[in-house]
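Structural features, examined
These are the residues of each chain, in order.
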Amino acid sequence: RLLLLPPIALAADCVTPFRMVEAGCDVRESHGDEADTEAIWRLVHPIFAAGETYCQPRDISREDALAYWTGSPHRTFLAIASDGECVGTYFLTPNQRGGGGHVCNCGFATSLVRTGKGVATTMLSHALQEARSAGFRAMQFNFVVSTNVRAIRLWERHGFEVVGRLPGAFNHPHHGFVDALVMYMHLHDDSGLRVAPQSQASADPIDWGPRESARDEQEAVSHVWEYLCRRDDLSRFAQQPADAILCLGSSDLRVATHAAALMNQGLGRRLVCSGGVGTGMHSGA
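Residues numbered from 1 in each chain as written. Predicted model: local features only at pLDDT ≥ 70, side-chain atom pairs only at ≥ 80, totals over all residues. Heavy atoms only, no water.

Moving on: the overall build of the chain. What the chain contains, in helices and strands, is seven helices and 10 strands. Relative to its 285 residues, the chain shows a buried fraction of 39%. Only carbon and sulfur atoms are counted for the fraction: they give 52% of the accessible area of the chain, which is about 15,400 Å². (Helix = DSSP H or I, 4+ residues; strand = E, 2+ residues; numbered from the N terminus. Buried < 20%, exposed > 50% of the residue type's maximum accessible area, 1.4 Å probe, protein only. Areas by Shrake-Rupley, 256 points an atom, 1.4 Å probe, with all protein chains shown as cover.)

Here it is in structure tokens:
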């Protein structure tokens, strides 16, 4: 099974430029002052207004949004880029009181213009460290919308498992009623030792199977179109990588670089470059 990286992905009108991993992003706890509060509002407001990932009113007020994100017992953190801009925020809180207080919960928000640049990864790594330092034994995400494939892939790559599925629990503004996932990760084993993240990649071949309905076929077509438009994060290859990534037009260094990045992420076992037009110095790069 091949994962095709076509040069048309660069030419489509809806394409966004290739994005590299953000460097120099530091995470600190919020000071709770007006500057930090305003930064948090700027980050969470467009995400809540989109209504695609959080169970908050799309017209939520600034006061209510900040109360949800920063209210006690939440500890709130900010991700600061090298240029001083606040590019992400997360909160860390006990998931339940009393007997459930040893399990923590987090919420994450990344600047929409910095999505895909490693901000969420940086914040998650920081959150896991903070959770362990605070004595939590596990982290649980109670309501991960199933269409939020970028987040699901990130959580799974760091060792989270899907332990529950809530059928049709979220009313997505574009996809209608979709499932929500409960995801869980042990931070310590039974002896109290920290649990290291495990790779989710699998060497087993993908069982594509027959299409069962017109809806399945439409979803497959949608995946292809979303990929060509550079909006698909290819999360379905995270656990069962393709046999090879076939890079057509790799004379364009942007295509070749992106193909190599996909392989480094474990989405394919081999990288095959066609070289594209001509046989110049960058062919097959």
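Now, onward.
Every buried residue of helix α3 (residues 62–70) is listed here: Ala65, Leu66 and Trp69. In an axial view of α3, the angular spread of the buried residues amounts to 95 degrees, which keeps them on one side of the axis. (Arc of directions from axis to C-beta.)

This paragraph deals with the pattern of salt bridges. What the rule picks out here adds up to six salt bridges. Asp36 is paired through a salt bridge with Arg28; the nearest N and O atoms lie 2.9 Å apart. Asp36 gets classed as buried once you look at its relative accessible area, which sits at 5%. Using a relative accessible area of 28% as the deciding quantity, one classes Arg28 as partly exposed. Across the salt bridge formed by Glu130 and Arg75, the nearest N and O atoms sit 3.1 Å from each other. On the criterion of sequence distance, the pair formed by Glu130 in helix α4 (residues 119–133) and Arg75 in strand β3 (residues 75–80) is long-range, its members being 55 residues apart. The partly exposed category is assigned to Arg75, whose relative accessible area is 30%. Connected through salt bridges with shared partners, the residues Glu29, Arg75 and Glu130 form a single ionic network. (Salt bridge = Lys/Arg side-chain N within 4 Å of Asp/Glu carboxyl O.)

Where α4 meets helix α5 (residues 149–157), the axes come as close as 11 Å, and the angle between the chain directions of the two elements is 40 degrees. In terms of axis orientation, α4 runs oblique to α5. α4 and α5 meet at a crossing whose hand is right-handed. Listed contacts from α5 to Ala120, Thr121 and Leu124 of α4 are Leu154, Trp155 and Arg157. Broken down by class, the residue content of the contact of α4 with α5 amounts to four nonpolar, one polar and one charged. (Axes fitted to C-alpha atoms, helices over the stretch in contact; angles between N-to-C directions. Parallel < 35°, antiparallel > 145°, perpendicular 65-115°, else oblique. Left-handed = near helix turned anticlockwise from the far one by under 90°. Contact = heavy atoms within 4.5 Å. Nonpolar A, V, L, I, M, F, W, Y, C, P; charged D, E, K, R; others polar.)

A few words now on the packing of aromatic side chains. Tallied over the full model, the rule gives 15 aromatic pairs. Aromatic side chains Phe108 and Phe141 sit 6.2 Å apart centroid to centroid with 90 degrees between the ring planes, which places their arrangement in the edge-to-face category. Of this pair, Phe108 sits in strand β5 (residues 103–110) while Phe141 is found in strand β6 (residues 138–145), placing the two residues 33 residues apart along the sequence. According to the relative accessible area criterion, Phe141 is buried, its value standing at 5%. Seen in terms of ring centroids, Phe141 and Trp155 are 4.8 Å apart; in terms of plane orientation they differ by 50 degrees. Their pairing is tilted. (Phe/Tyr/Trp six-rings, centres within 6.5 Å; stacked < 30°, edge-to-face > 60°.)

Now for the environment of Pro73. Here Pro73 shows up in the loop between α3 and β3. Sequence separation of Pro73 and Pro94 is 21 residues, and the distance between their C-alpha atoms is 7.5 Å. Pro73 has contacts with Leu92, Thr93 and Pro94, leaving out every residue within four places of it along the chain.

Attention now moves to the sheet that holds β3. The pairing of strands in a sheet happens through backbone hydrogen bonds and is either parallel or antiparallel. Taken in spatial order, the seven strands make up an open sheet running β2-β3-β4-β5-β6-β8-β7, and their pairing is mixed. At either end of the open sheet lies a strand with only one pairing partner, and these are β2 (26–29) and β7 (161–172). Within this sheet the neighbouring strands show an average axis-to-axis angle of 25 degrees, counted without direction. Judged from the two bridges that link them, β5 and β6 form a sheet pairing that is parallel. What sits directly across from Val103, in β6, is Ala138. Helix α2 (residues 34–50) contacts β2, β3, β4 (86–94) and β5 of the sheet and is inclined by roughly 90 degrees relative to β4. On top of the sheet, α4 reaches β2, β3, β4, β5, β6 and β8 (176–186); it is set at about 30 degrees to β4, its chief contact. (Pairing = 2+ DSSP bridges.)

In the sheet, β7 pairs with β8 via eight bridges, with the strands oriented antiparallel. Within the sheet, the bridge partner assigned to Asn171 lies in β8 and is Phe177. A loop of three residues connects β7 with β8, the two strands running antiparallel in sequence.

Interpretation in functional terms is not warranted from these geometric data alone.
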